[in-house]
Amino acid sequence: MSTGTAADGGAPARARDAGALWRLAVATLDGNWEHDHTVPSRTLYPHQWSWDSAFIAVGLSHVRPDRAWRELRTLFAAQWADGRVPHIVFNPALRAGSYFPGPAFWDSARVAGAPAVATSGIVQPPVHALAAWLVHRRAPSERSRAELAWLYPRLVAWQRYLTGRRDVGGAGLASIVHPWESGLDNSPAWDPPLAAVPADVAVMRAYQRHDTDHADAAHRPTDLDYARYVALVDAYRAGGYRDDGLGGRHPFLVECPLLNTALGLAEHALAAIARETGADPGPHRERAARITAALVDRLYDPVGGTFHPRDLRTGRLVPARTALGLMPLALPGLPARPVAALLAEACSPRFGLAARMDRPLPSHDRTAPDFEPLRYWRGPSWQNLNWLLWRGLRAHHRFDLAAGLRDSMIDLVATAGCHEYFHPDTGAGLGSPAFGWTAALLLDVLAET
């Protein structure tokens, strides 16, 4: 267990003093502030990441609302002409080669419609409309209404990109073209579709990974995983990051439960933002209902009682039972039968949700033979997934389970500090210390009494 200080993301073991935890979280966010955005961490993640910034804005709304809006504005200033919000916005002040894959690898400057600043060419889950609405709701002002008015058309364009250009399956859901777009970079859910991607591990000799400089290699994706990640970017970049004709040429196309849950949540948030800014909320409500219905139709397994990604290359659901499958519970309009099934799944020995939890919620079925408690996204507990599920439990009036999950989230930081992720059995801190969204979402759950 960590016994460090606020500066390194540490906290005294089991220190459930809410005031001390609040100060730790604020110090972590202040330490990661980089003039117009927050870096996820000062070690492994020195640039701006898309969904990190959204979660961070939620936390900043409680203590630095002006910074919360600056965070979102900076990100959306890098929006592409087609509406996509890139998953990384690179800081030009950092030396070339300080992060892999860096700006030269993505080469966005050569792509028509890319912004002036260097970015990646792929995306992450669209949690930004929800974040914007929560920032306004928690710190309403004339400034926040003006920020909503500025963001609203950009958020709508972001949604249109995903529901239009990325609806490769034609059924109303967005597809991901890379595991990184899911946010759960090397979840076991991606093993079957990734196995079909041709890759030679020797390609990694041409690159220098930096993640293993800051974290144990046994906790990170393998070189073969990275070879496949590189192959997928190569394929997408070779086509100019265009989305037309993806079904005929791209080797990885998957409908992800989390990304599409975020897509539905965004429409609910946009309906609220539309009301606040004088636009029509009706179309957003209708789209939220259509996305929810498509999720149930396409990704829900009524026999297993959970959601799974759909591999568009094979047409089949990926069988792994991961935390991805629980995420649709965050949708307020999810029908009663899937809600009941997901609650049973979450409370089963696979995940262990309870009103009094003895272990953190894992990111993968802890009873599965490929469960890895130390490896990135293949078992460890993550606060952003916990937070989304916590919101869903409250939306479906399971306040007892929501309270148990909230207590678990607070205990993780009280035990180990604001780490990137946590051991799903012991709660020990793993990955980067002083991690942005861990601090931000701690503030949000502490603020709820």
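Preceding this paragraph is the structure being described.
Right, let's walk through the structure included here. All values derive from a computational prediction rather than experimental measurement.

What follows concerns the overall build of the protein chain. Scanning the protein chain from terminus to terminus reveals 16 helices and ten strands. The C-alpha atoms of the protein chain give 20 Å as radius of gyration, which agrees with the globular expectation for 449 residues (22 Å, within 12%). Expressed as lengths along the three principal axes of its C-alpha atoms, the size of the protein chain is roughly 55 × 50 × 50 Å. Burial status across the protein chain gives 61% buried among its 449 residues. Restricting to contacts in the protein chain with at least 6 residues of sequence separation, those with at least 24 account for 70%. Total accessible area on the protein chain is roughly 15900 Å²; 52% of this is exposed by carbon and sulfur atoms. Computed over 46 positive and 45 negative side-chain charges, the inter-centroid distance for the protein chain is 3 Å.

Attention now moves to the sheet that holds strand β8 (residues 316–317). Taken in spatial order, the four strands make up an open sheet running β3-β4-β7-β8, and their pairing is antiparallel. Of all strands in the sheet, those bounded by a partner on one side alone are β3 (175–176) and β8. Strand direction decides the pairing type here: strand β4 (residues 254–255) and strand β7 (residues 310–311), joined by two bridges, are antiparallel. Across the sheet, the residue bridging to Glu255 is Arg310, located in β7.

Another aspect to go through is the packing of helix α14 (residues 383–395) against helix α16 (residues 436–447). Interhelical geometry of α14 versus α16 gives an angle of 25 degrees and a closest axis separation of 9 Å. With respect to α16, the axis of α14 lies roughly parallel. As for how α14 packs across α16, the hand of that crossing is left-handed. Two secondary-structure elements touch here, α14 through Gln383, Asn384, Trp387 and Trp390 and α16 through Trp437, Thr438, Leu441, Asp444 and Val445. Here the contact of α14 with α16 is composed, by residue class, of five nonpolar, three polar and one charged.

Turning to the nonpolar core, a few remarks are in order. Membership of the largest hydrophobic core comes to 136 residues, with the highest contact counts inside it found for Trp190, Leu258, Trp387 and Leu393. Residue contributions to this core peak at eleven residues, all from helix α11 (residues 257–277). When neighbours within four sequence positions are excluded, Leu258 is seen to be in contact with Trp51, Pro125, Ser182, Leu184, Leu324, Met327, Leu385 and Leu388.

Should their charged atoms come close, side chains of opposite charge can pair. Applying the stated criterion across every chain yields a total of 28 salt bridges. Across the pair Arg143 and Asp66 runs a salt bridge whose closest N-O atoms are separated by 3.3 Å. Of this pair, Arg143 sits in helix α6 (residues 142–165) while Asp66 sits in helix α3 (residues 65–76); the two residues are 77 residues apart in sequence, bridging distant segments of the chain. Overall, Arg143 belongs to the partly exposed group, its relative accessible area being 35%. A salt bridge links Glu276 to Arg145, with the nearest nitrogen and oxygen atoms 2.9 Å apart. A residue pair is termed long-range when its members are at least 10 positions apart, and Glu276 in helix α11 and Arg145 in helix α6 qualify at 131 residues. Residues joined by salt bridges that share partners form a network here, namely Asp82, Arg84, Arg166, Glu181 and Asp243.

Our next topic: the packing of aromatic side chains. Considering all chains together, one arrives at 26 aromatic pairs under this definition. Judged by centre distance (3.6 Å) and plane angle (5 degrees), the ring pair of Trp377 and Trp382 falls under stacked. For Trp382, a relative accessible area of 2% gives the class buried. What links up through ring pairs into an aromatic cluster is the set Tyr45, Trp49, Trp51, Phe55, Tyr99, Tyr376, Trp377, Trp382, Trp387, Tyr421, Phe435 and Trp437. Note that Arg73 overlies the ring of Trp150, its terminal NZ or CZ placed 4.2 Å from the centroid. Positioned above the aromatic ring of Trp150, the side-chain terminus of Arg154 is 3.8 Å from the ring centre.

Looking now at unusual backbone geometry. In this structure, the amide linkage connecting Phe100 to the following residue, Pro101, adopts the cis form with an omega of 0 degrees. As for its placement among the helices and strands, Pro101 is situated in the loop between β2 (88–89) and α4 (103–106). Even without glycine at this site, Tyr241 takes up a positive phi of about 60 degrees. Here Tyr241 lies in the loop between α9 (223–238) and α10 (246–249). Positive phi, close to 50 degrees, is recorded for Ala434, a residue that is not glycine. Positionally, Ala434 belongs in the loop between β10 (429–430) and α16.

Definitions and cut-offs
Residues numbered from 1 in each chain as written. Predicted model: local features only at pLDDT ≥ 70, side-chain atom pairs only at ≥ 80, totals over all residues. Heavy atoms only, no water. Helix = DSSP H or I, 4+ residues; strand = E, 2+ residues; numbered from the N terminus. Rg over C-alpha atoms; globule rule 2.2 N^0.38 Å. Buried < 20%, exposed > 50% of the residue type's maximum accessible area, 1.4 Å probe, protein only. Contact = heavy atoms within 4.5 Å. Areas by Shrake-Rupley, 256 points an atom, 1.4 Å probe, with all protein chains shown as cover. Lys, Arg positive; Asp, Glu negative; His and termini not counted. Charge placed at Lys NZ, Arg CZ, Asp CG, Glu CD. Pairing = 2+ DSSP bridges. Axes fitted to C-alpha atoms, helices over the stretch in contact; angles between N-to-C directions. Parallel < 35°, antiparallel > 145°, perpendicular 65-115°, else oblique. Left-handed = near helix turned anticlockwise from the far one by under 90°. Nonpolar A, V, L, I, M, F, W, Y, C, P; charged D, E, K, R; others polar. Core = buried A, V, L, I, M, F, W, Y, C linked by side-chain atoms within 4.5 Å. Salt bridge = Lys/Arg side-chain N within 4 Å of Asp/Glu carboxyl O. Phe/Tyr/Trp six-rings, centres within 6.5 Å; stacked < 30°, edge-to-face > 60°. Lys NZ or Arg CZ within 6 Å of the ring centre and 35° of its normal.

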